[in-house]
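Analysis of the macromolecular model
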Protein chains: 2
Amino acid sequence: MSTKNKILDAADVLFADKGFNGTSLREITSQANVNLAAVNYHFGSKKELIKAVMSRYMDELSPQLESALSLICHAETKPNLHEVFSAFIEPLLNLNEFKENGTSTFLQLLGRGYTDSQGFLRWFLTTQYPNVFTNFTKAVKIAYPELSTEEMFWRLHFTMGTIVFTMSSSEALIDIAQNDFDNKLDIAGVIERVIPYVAAGVAAPISKIHNQVMSS
Amino acid sequence: MSTKNKILDAADVLFADKGFNGTSLREITSQANVNLAAVNYHFGSKKELIKAVMSRYMDELSPQLESALSLICHAETKPNLHEVFSAFIEPLLNLNEFKENGTSTFLQLLGRGYTDSQGFLRWFLTTQYPNVFTNFTKAVKIAYPELSTEEMFWRLHFTMGTIVFTMSSSEALIDIAQNDFDNKLDIAGVIERVIPYVAAGVAAPISKIHNQVMSS
DNA sequence: CGCTATTTTAAACATGTGTTTAAACTAGCT
DNA sequence: AGCTAGTTTAAACACATGTTTAAAATAGCG
């Protein structure tokens, strides 16, 4: 395996586990059994390495998501929200074939990107892969046309939060769940449970009152 | 104002903004206009400072939450989920009187604690303030008794994720929303929007199929 | 005041960080 | 073989980190 890929693989799991700030290049290179300077030689800087780790997933995921969502948008029968969100399942699980445990690390990394390093990764993703977002909002708009654009904006970010947060702590949660309920569970099981939750959240009835002053 | 409080106030906003790992003691002490060594003198270590910042909020919040939830549990009429979640609003907004922008920084800090430093803060909170969690699950159990303990476990963590993630990126989101919809919005407005979402998510119909193998 | 305990201060410490350098090594090709 | 372009290596660099030290300043009190 090439040095470049050894670095990417090691960085992948370490970033997911300990965050971008929390992982040093020395940890990465010693885990990958390559020389410290290899990162700067092959990627230029740590920041570029982070981008490369994410791009590896996004380049695989983005076209799959786009086609799955566009399929839903142009279907004969009007899709419901549960179907829209389910469109994510297969592309996400396909990451596991492309790379072992790809789903879980990718979603963890996504969560890291939102909180670590003050959202530079969010900027990177939305500017580099804008089609995923527009196709997604389009699909939701078809499935739930009554939802105003602003309300949808918020609910989609709530959904983003649910998914990303859940997956970034999924290992810990699965451990706890295994102990308390001795129910065999994996990442697919968690996805299966979170879909009804977010679908119901986005489909929630629209509250009329906003920006009101709370009574204290 | 005492040196101790100057440090706590500065650490509060810096931790919320840049994370625990991302904030140095030198940033904190220079922001607080105190000597660098003051942190170790008054708190012992950075880790203890983090605990102190969180405890300041939890000691204020925890009794309020407990009584609000216990009020709901012992009410004459059976509460619904929307009411259970709304019980959080007032105690959270009260943090703003106790400290300017207390709500937003507290929830941001909570989000940081879940992702930064590999969840040592989650351990700290669940062991130091267990009553909040048990009272909350009790209230949900009353409002939605059909929900199995395991299903509830997951949905409450989904909810945690939604709230924490939303609030930790709330400033950025509010900025975007202001621009795109020129709708005046503050932290209370965001809370007002997220409550129906999480209430609907937790109240979602129970899916019968779990742990199934996904078709590929 | 004078003494003591607490707090503040500047400096140093040891370690860890991302990055750069220049020499050594390794193909690949004529 | 000899040359070249690509890669790897160990060492050093410059700087940032949390923590400790010991002297100086400040209260608090009899």
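Just so we're clear, the structure is a prediction, and the values are computed from it rather than from any experiment.

1. Focus on the relation of the copies chain B and chain A
Superposition record for chain B on chain A: RMSD 0.1 Å, screw rotation 180°, translation along axis 0.0 Å. Between the two chains, the operation in question is that of a two-fold axis. Mapped onto chain A, 97% of the interface residues of chain B are again interface residues, and the two copies thus contact each other with one and the same surface.

2. Focus: the packing of helix H12 (residues 187–202) of chain A against helix H12 (residues 187–202) of chain B
Where H12(A) contacts H12(B), the two axes come as close as 7 Å, and the packing angle between them is 140°. With respect to H12(B), the element H12(A) is oriented oblique. At the point where H12(A) passes H12(B), the crossing takes the right-handed sense. In this structure, H12(A) uses Tyr197(A), Val198(A), Ala200(A), Gly201(A) and Val202(A) to contact H12(B), whose residues at the interface are Tyr197(B), Val198(B), Ala200(B), Gly201(B) and Val202(B).

3. Looking at the pattern of salt bridges
Once their charged atoms are close, side chains differing in charge can pair, the charge on each being opposite to the other. Overall, the coordinates contain 16 salt bridges over all chains when judged by the stated rule. One salt bridge in this structure joins Glu151(B) and Arg193(A), with 3.1 Å as the shortest N-O distance. With Glu151(B) in helix H10 (residues 149–168) and Arg193(A) in helix H12, the pair connects residues from two separate chains. The exposure class of Glu151(B) is buried, given its relative accessible area of 6%. Its relative accessible area of 4% is what places Arg193(A) among the buried residues. The shortest N-O distance in the salt bridge between Glu48(B) and Lys51(B) comes to 3.6 Å. With a gap of three residues between them, Glu48(B) and Lys51(B) both fall in helix H4 (residues 46–73), about one helical turn apart. Among the ionic contacts, a cluster of salt bridges with common partners joins Asp9(A), Asp12(A), Arg56(A) and Lys99(A).

4. Looking at the interface of chain B and chain A
Taken together, the 59 residues of chain B in the interface contact 59 residues of chain A. Both sides together, the interface formed by chain B and chain A hides about 5,300 Å², and carbon and sulfur atoms give 65% of it. The tally of links between chain B and chain A comes to four salt bridges. Linking chain B with chain A are five residue pairs in polar contact (both at pLDDT 80 or more). At 16 residues, the largest contribution of residues to the side of chain B that touches chain A is made by H10(B).

5. Concerning the protein's contact with DNA strand C
Lining the immediate surroundings of DNA strand C are 14 residues, of which Leu25(A), Arg26(A), Lys46(A), Thr3(B) and His42(B) lie closest. The share of sugar and phosphate among atoms of DNA strand C within 4 Å of the protein is 47%. Between Arg26(A) and DNA strand C, the recorded distance is 2.9 Å, taken from a side-chain N or O atom to a base nitrogen. At 3.1 Å from a phosphate oxygen of DNA strand C is found a side-chain nitrogen or oxygen belonging to Tyr41(B). Listed by contribution, the elements that provide at least two residues to the surface near DNA strand C are helix H2 (25–31) of chain A together with helix H3 (38–43) of chain B. Of the residues belonging to the surface near DNA strand C, the class tally is five nonpolar, seven polar and two charged.

6. A few points about the UniProt feature "DNA-binding region" (unreviewed entry) in chain A
The UniProt entry lists residues 24–43 of chain A under the feature "DNA-binding region" (unreviewed entry), expressed in the numbering used here. Along residues 24–43 of chain A one finds 65% helix and 0% strand; the C-alpha atoms at either end are 15 Å apart.

7. Remarks on the protein's contact with DNA strand D
Around DNA strand D, a shell composed of 15 residues is seen, among which Thr3(A), His42(A), Leu25(B), Arg26(B) and Lys46(B) lie nearest. For DNA strand D, a phosphate oxygen lies 2.4 Å from a polar atom in the side chain of Thr3(A). Between Leu25(B) and DNA strand D, the recorded distance is 2.8 Å, taken from a backbone N or O atom to a phosphate oxygen. The residue inventory of the surface near DNA strand D, partitioned by class, reads five nonpolar, seven polar and three charged.

8. Overview of the nonpolar core
A general tendency of soluble globular proteins is for nonpolar side chains to be buried together. Counting 147 residues, the largest nonpolar core has Leu49(A), Phe106(A), Leu49(B) and Phe106(B) as its most contacted members. For this core, the leading source of residues is H4(B), giving 12 residues. If near-sequence neighbours (up to four positions away) are discounted, Phe106(A) is found in contact with Met54(A), Tyr57(A), Met58(A), Leu61(A), Leu92(A) and Leu95(A).

9. Regarding the packing of aromatic side chains
Applying the stated criterion across every chain yields a total of 16 aromatic pairs over all chains. Ring centres 5.7 Å apart and planes at 70° place the aromatic pair Phe85(A) and Phe136(A) in the edge-to-face group. A residue pair is termed long-range when its members are at least 10 positions apart, and Phe85(A) in helix H5 (residues 81–86) and Phe136(A) in helix H9 (residues 130–143) qualify at 51 residues. Here the two residues Phe85(A) and Phe136(A) agree in accessibility, since each one is buried. Aromatic side chains Phe158(A) and Tyr197(B) sit 5.3 Å apart centroid to centroid with 65° between the ring planes, which places their arrangement in the edge-to-face category. Taken together, the residues span two chains, with Phe158(A) in helix H10 (residues 149–168) and Tyr197(B) in helix H12. Here Tyr197(B) falls in the buried class, since its relative accessible area comes to 0%. The structure contains a cluster of three or more aromatic residues connected by ring pairs, namely Phe153(A), Trp154(A), Phe158(A) and Tyr197(B). Above the plane of the ring of Phe43(A) lies Lys4(A), whose end atom (NZ or CZ) is 5.9 Å from the centre.

Cut-offs and rules
- Residues numbered from 1 in each chain as written.
- Chains lettered and ligands numbered in written order.
- Predicted model: local features only at pLDDT ≥ 70, side-chain atom pairs only at ≥ 80, totals over all residues.
- Heavy atoms only, no water.
- Least-squares fit on C-alpha atoms with pLDDT ≥ 70 in both.
- Contact = heavy atoms within 4.5 Å.
- Axes fitted to C-alpha atoms, helices over the stretch in contact; angles between N-to-C directions.
- Helix = DSSP H or I, 4+ residues; strand = E, 2+ residues; numbered from the N terminus.
- Parallel < 35°, antiparallel > 145°, perpendicular 65-115°, else oblique.
- Left-handed = near helix turned anticlockwise from the far one by under 90°.
- Salt bridge = Lys/Arg side-chain N within 4 Å of Asp/Glu carboxyl O.
- Buried < 20%, exposed > 50% of the residue type's maximum accessible area, 1.4 Å probe, protein only.
- Buried area = accessible area lost by both parts, 1.4 Å probe.
- Polar contact = N/O pair within 3.5 Å; in protein donor to acceptor, adjacent residues only side chain to side chain.
- Near = heavy atom within 4 Å.
- Nonpolar A, V, L, I, M, F, W, Y, C, P; charged D, E, K, R; others polar.
- UniProt positions renumbered as here; feature names shortened; annotations may be inferred.
- Core = buried A, V, L, I, M, F, W, Y, C linked by side-chain atoms within 4.5 Å.
- Phe/Tyr/Trp six-rings, centres within 6.5 Å; stacked < 30°, edge-to-face > 60°.
- Lys NZ or Arg CZ within 6 Å of the ring centre and 35° of its normal.

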